[in-house]
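Descriptive structure summary
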There are 2 protein chains.
Amino acid sequence: VVISHGARRVVVVGADAAGMSAAHQALRTARARGTELAVTVLESGRDTSYSACGIPYWVAGDVAAEDDLVARTAGEHRAAGIDLRLGTTAVELDLTAREVATDAGDRVPFDDVVLATGAAPIVPDWALDPAGRPVPGVRAVKTLDDGRAWIDLLGVRDPAPRRAVVVGGGYIGLEMAEAFARRGLDTTIVTRGELMSSLDPDMGARLREHVVKSGVAVHCQDLVDGVVTGVDGAVRAVTAGGREIAADVVALGAGVRPQSELGAAAGLPLGRVGGYLPDPQQRVADGVWAAGDCIEPVTRTHGNRVFVPLGTHAVKQGRVAGTVLAGGDARFDGVIGTAVTRFVVGDVHVEVGRTGPTARQLAGLGVEVDSLVTESTTASGYMPEAAPIAVKVTAATAGPERGRLLAVQIVGGPGSAKRIDTAAAAIWFGATVADVTGMDLSYAPPFSPTWDPVQIACRRLADRL
Amino acid sequence: VVISHGARRVVVVGADAAGMSAAHQALRTARARGTELAVTVLESGRDTSYSACGIPYWVAGDVAAEDDLVARTAGEHRAAGIDLRLGTTAVELDLTAREVATDAGDRVPFDDVVLATGAAPIVPDWALDPAGRPVPGVRAVKTLDDGRAWIDLLGVRDPAPRRAVVVGGGYIGLEMAEAFARRGLDTTIVTRGELMSSLDPDMGARLREHVVKSGVAVHCQDLVDGVVTGVDGAVRAVTAGGREIAADVVALGAGVRPQSELGAAAGLPLGRVGGYLPDPQQRVADGVWAAGDCIEPVTRTHGNRVFVPLGTHAVKQGRVAGTVLAGGDARFDGVIGTAVTRFVVGDVHVEVGRTGPTARQLAGLGVEVDSLVTESTTASGYMPEAAPIAVKVTAATAGPERGRLLAVQIVGGPGSAKRIDTAAAAIWFGATVADVTGMDLSYAPPFSPTWDPVQIACRRLADRL
C-alpha cells in the first residue's frame with residue numbers, strides 16, 4: 001500500500017474490538033468517498049481483535065485453541081493497509097502538537113486520534129505481594145495472557161489445583177465459576193451483594209438457587225479482604241470477614257475500570273468511573289475520538305452516563321468513530337444495558353437476560369415504577385424442552401411515560417436468555433407494556449407457549465396499571 | 001353458579017383457543033366491572049382448548065399423552081362458570097331472533113355471539129372414496145381425533161406402515177414429515193411449489209437442502225392428484241404427474257380454510273378465502289364477534305386482509321372480543337406474519353423463522369424493495385454451539401417508507417428461529433434497517449457473535465440503500 005504524502009493521518013490507540021472497528025471503518029468510508037487515509041494503530045500487547053468474553057469458555061475447555069479467540073490476526077489487519085504496531089505503548093497524548101508519543105521513543109503525528117484503550121480489571125491490594133507483583137495463583141480474566149496463565153495454572157501445575165475461589169458474582173465471575181466447576185474444581189463464589197448485581201436482588205436470588213444446586217458455593221454479602229500464601233508464595237486461601245476459604249486458585253472478577261490515563265493526562269474530561277465522555281458521534285474533542293470499554297456512553301432511555309464494557313458496543317462505537325472521522329455520517333444511539341449469560345454445570349443449565357435499568361438505578365433516576373414477576377415455560381408446557389422461565393417486567397407509573405416498559409430481567413432454563421432481545425427491541429422503540437401485549441411474536445410448540453412469557457408478564461402489568 | 005334472570009347472555013360457538021379465551025375474558029371483564037354475564041359455549045366436538053400445533057409432536061412421540069395437549073378441561077371451564085355444551089353443533093345463526101339453533105334442537109338466545117369456529121383442513125377429492133368417506137390411511141392433522149387416528153395408524157396396525165407421503169410442504173407438512181422420519185418411516189414430502197411457501201423460494205431452497213440431508217425426500221413443483229388403494233380399500237400409493245409414490249400412510253398438509261358457513265348463511269360478509277372480516281375490536285356486526293382461525297385479520301404494516309391460522313393470534317383476538325363485548329376496551333393490533341418451526345431428524349436440526357410479507361406478497365402490494373441474505377453463526381464462531389444461520393432482510397426502497405424494514409426470514413441451526421422475534425419487534429414498531437443496526441441486543445459468546453446476525457444483515461442493507 002502506497003500512502004501519498006498528503007493523506008490524512010489517523011492514529012488509533014488500542015487494537016481490540018473498538019480500535020480495529022474504527023480503523024477498518026475509517027478506511028472503508030474513505031474508500032467509498034474517494035479520499036485517502038493513513039491509519040496507524042498502536043497496541044501495547046501482542047494480541048489484536050481477540051474476544052475477552054470468550055476466555056472463560058477457553059478455560060472451561062469449550063474453545064480448543066487461543067487462536068480461535070482471535071477474530072482477525074495482525075497479518076490480516078496489515079493486509080488491509082493498516083500500520084499496526086504491536087508491543088507499542090502510547091505514553092503521551094499531545095493535543096497541541098497533535099502527536100502520540102510511544103514507549104519506543106517515537107512521536108506519531110495525527111490529524112485524528114481514536115482512543116480505544118479498553119478497560120483493566122480491578123485488582124485489590126491483597127492480590128499483590130509486597131513488591132507489587134501478583135500473588136501466584138491469583139489472576140484476573142481479561143487478556144489472552146490471562147487466558148494462557150489460567151490454562152497453565154489448571155492444566156500444567158502438579159499437583160493440579162482442587163479448590164477455586166471466584167471473587168465477584170458478575171458475568172466474568174459466574175462464567176469462571178462455571179469453567180472451574182466443569183473442570184472438576186471445588187468452587188466458591190464470594191460476592192459483595194447478591195449474585196449478579198446487574199439483576200434486581202430477587203432475580204439474582206433465583207439465579208443463585210440454580211448455581212448452588214450445581215454444587216458451586218455462593219457467599220453473598222461477603223468481601224474478600226486478604227490472601228493466605230504458602231511457603232512458595234502461592235495462594236492457599238482467601239480471607240473474608242475473618243474466615244478463611246481454602247483456594248488453590250483465585251479468579252478476580254471484581255469488575256473493570258476504563259483505561260483513560262492517556263486522555264486524562266491530556267486534560268480530557270472523565271466521567272464518574274473514569275471513562276471518556278464522547279458525544280453521539282464518539283467525539284471527545286476536536287479530532288479526538290473514543291470508543292469501547294474506555295468510555296461512559298449515555299443510555300438511550302434517560303440520557304445518563306453509564307459504564308457498560310461489552311464488545312458489542314465497542315464494535316458499534318468504533319464503527320461510528322471510523323465513519324465520522326473519515327467524513328461520513330453516523331451516530332451511536334446509546335445503550336439500554338442488554339446483556340445475557342448462562343451457567344451450565346452438570347444437570348444445571350440456567351440462563352440470564354436483562355435489559356434496562358435495575359430497580360436501584362431507576363430509584364436513583366427518580367422514576368416511579370411498578371414491576372412483577374411471571375413464571376412460565378420456554379416452550380409449550382407439553383413439550384419435552386419446556387423449561388421454567390421467570391420474567392420480571394418493570395414499567396413507569398407516573399408522568400407522561402406512564403405504562404412505558406423500562407426494564408426486563410429473565411432467569412430460566414435453556415432457551416430463556418435470548419428472549420431478552422424482544423424486550424430490548426420494545427424498550428428501544430419506546431413501547432408501553434400494553435404495546436408489547438399485542439405484538440406478533442413467533443409461536444410454535446418447541447419454541448414458546450401460545451402466549452410468549454415476556455408478553456404474559458407485560459399483559460399482567462398492563463392490566464394492573 | 002347462579003345466573004340472575006337479567007344477566008347479559010353471551011353465546012360462543014367453538015371451544016378452542018379463540019372461543020375459550022373470549023369466554024373467560026368476558027367473565028373476567030364483567031367481574032372487574034361488577035356486571036353479570038351468562039356465557040354458553042357450543043362445541044361440536046368432544047375436546048376443548050387443545051393444541052392443534054402440538055399434534056405432530058404427539059405423533060412423533062415427544063408428547064406422551066393426548067391429555068397433555070389439553071390446556072384446560074371441560075371441567076375446568078365449567079368450574080369457571082361457563083355453560084359448556086360438548087357434542088353440540090350450531091346449525092343456524094339467526095341474527096334477527098338473536099338465537100343460535102343447535103343440532104340438538106335447542107334455540108339458544110344471545111345478546112352477543114362469538115364466532116370461533118376455527119379452520120378445517122382442505123381435503124382433496126382423491127382423499128375420499130366414492131362414498132365420500134376418507135380413504136383408510138389418508139388423514140389430515142387438525143383435531144385430537146386426527147391425532148388419535150395417527151397414533152393408531154402408526155402404532156397399532158400390523159404390519160406397521162413403512163412408507164409415508166406428506167402432501168404439502170408448509171408447517172404441518174414439515175412437522176409431520178419430521179414425525180414420520182423420527183418414527184423410522186421412509187418419508188416423502190410432495191409440494192406444489194418450493195418447500196415452505198411462506199418463505200421466499202431462495203430461503204425455502206436452503207431449508208430443503210437440510211431436509212433432504214436427513215433422508216426425507218422432497219418433491220417440489222409436484223401435485224398429488226390421485227390415490228391407489230389395495231383390495232382392503234386402504235392407501236397403497238399416491239399419484240403425482242403420472243408417477244406413483246408408494247405410501248402406507250398419507251398425511252394431508254395441504255392447508256386449511258376458515259369454517260364460516262354459519263355466518264355466511266346469516267349474511268355476514270366473508271373475505272378472499274372465506275374468513276370473517278372483523279374490525280379491530282373483533283366485531284363483525286352489531287353484537288356479533290369473530291376470532292381465531294375463522295377470520296381474516298389485517299396486517300399491521302399494510303392494512304390488507306390475510307389468513308394466518310395460528311393459536312397465538314386466536315388467543316389474542318379472543319381476549320379482545322371477550323373484553324369489548326363485556327364493556328371493556330381493547331383492540332387487536334394486526335398481524336405481521338411472524339412464525340417459526342423446526343425440523344429435527346437424526347443429525348439434522350434446522351430452524352425456520354419468518355416475519356413480514358414474502359417477496360411475492362410485497363410485489364402484489366406494489367412495494368418496491370431491496371433484499372439480501374447474510375450468512376453468519378448463531379453464537380461466536382469459536383464456540384461449540386455456533387451453528388450456521390442465514391438471514392434474509394427486505395426493506396422498502398421508494399417513497400416515504402424508504403429504508404423501512406419489511407420482512408426477515410431465517411434458516412439455520414439450533415438457536416436460529418427465535419431470533420425472528422427481534423425482527424418482528426423492529427417491524428412492529430416501524431423501524432428502518434438503519435435503526436436495527438444500532439439496537440442494543442444481547443451479546444455473549446454462547447448466544448451471539450459480537451454483531452447479531454439480524455443486525456449484520458440490516459447493516460449491510462442499510463449501507464447499500
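Overview of the structure. (Residues numbered from 1 in each chain as written. Chains lettered and ligands numbered in written order. Predicted model: local features only at pLDDT ≥ 70, side-chain atom pairs only at ≥ 80, totals over all residues. Heavy atoms only, no water.)

Considering empty space enclosed by the protein
Applying the stated criterion across every chain, the model contains two cavities of 30 Å³ or more. If you add up the space inside the largest cavity, you get close to 70 Å³. Lining the largest cavity are K418, R419, D421 and T422 of chain A together with K418, R419, D421 and T422 of chain B. Residue assignment for the lining of the largest cavity shows that the elements contributing at least two residues are α10 (420–428) of chain A together with α10 (420–428) of chain B. For the second largest cavity, the calculated volume is near 40 Å³. Lining the second largest cavity, in full, are G292, D293, I295, P297, V308, L310, H313, A314 and Q317 of chain B. When the residues that make up the lining of the second largest cavity are grouped by side-chain class, the tally is five nonpolar, three polar and one charged. (1 Å grid on protein atoms, 1.4 Å probe; cavity = no way out; pocket = protein on both sides within 12 Å on 5 of 7 lines; lining within 4 Å. Points joined across faces, edges and corners; volume = space filled by probe spheres on them. Helix = DSSP H or I, 4+ residues; strand = E, 2+ residues; numbered from the N terminus. Nonpolar A, V, L, I, M, F, W, Y, C, P; charged D, E, K, R; others polar.)

Things to note about the interface of chain B and chain A
Contacts between the two partners involve 60 residues from chain B and, on the opposite side, 60 residues from chain A. Taken over both partners, the interface formed by chain B and chain A buries close to 5000 Å², and the fraction arising from carbon and sulfur atoms is 64%. When residues of chain B are sorted by the area they lose upon contact with chain A, Y382, D440 and F447 of chain B head the list and together hold 16% of the total. Across the contact surface, chain B and chain A share six salt bridges. For the salt bridge of D463 of chain A with R319 of chain B, the shortest nitrogen-to-oxygen distance reads 3.0 Å. Among the elements of the structure, α8 (311–325), β20 (339–345), α10, α11 (433–438) and α12 (453–464) of chain B are those that each provide at least two residues to the side of chain B that touches chain A. Counting residues per element, the side of chain B that touches chain A draws most heavily on α10 of chain B, which supplies seven residues. Residue composition of the side of chain B that touches chain A, by class: 29 nonpolar, 15 polar and 16 charged. (Contact = heavy atoms within 4.5 Å. Buried area = accessible area lost by both parts, 1.4 Å probe. Salt bridge = Lys/Arg side-chain N within 4 Å of Asp/Glu carboxyl O.)

Topic: the relation of the copies chain B and chain A
With an RMSD of 0.0 Å, the fit of chain B onto chain A corresponds to turning through 180° and sliding 0.0 Å along the axis. On the angle and the small slide along the axis, the relation comes out as a two-fold axis. Taking C-alpha positions as the reference, the residue of chain B nearest the rotation axis is T422 of chain B, at 2.6 Å. Residue by residue, 100% of the interface of chain B is reproduced at the interface of chain A, so both copies engage with the same surface. (Least-squares fit on C-alpha atoms with pLDDT ≥ 70 in both.)

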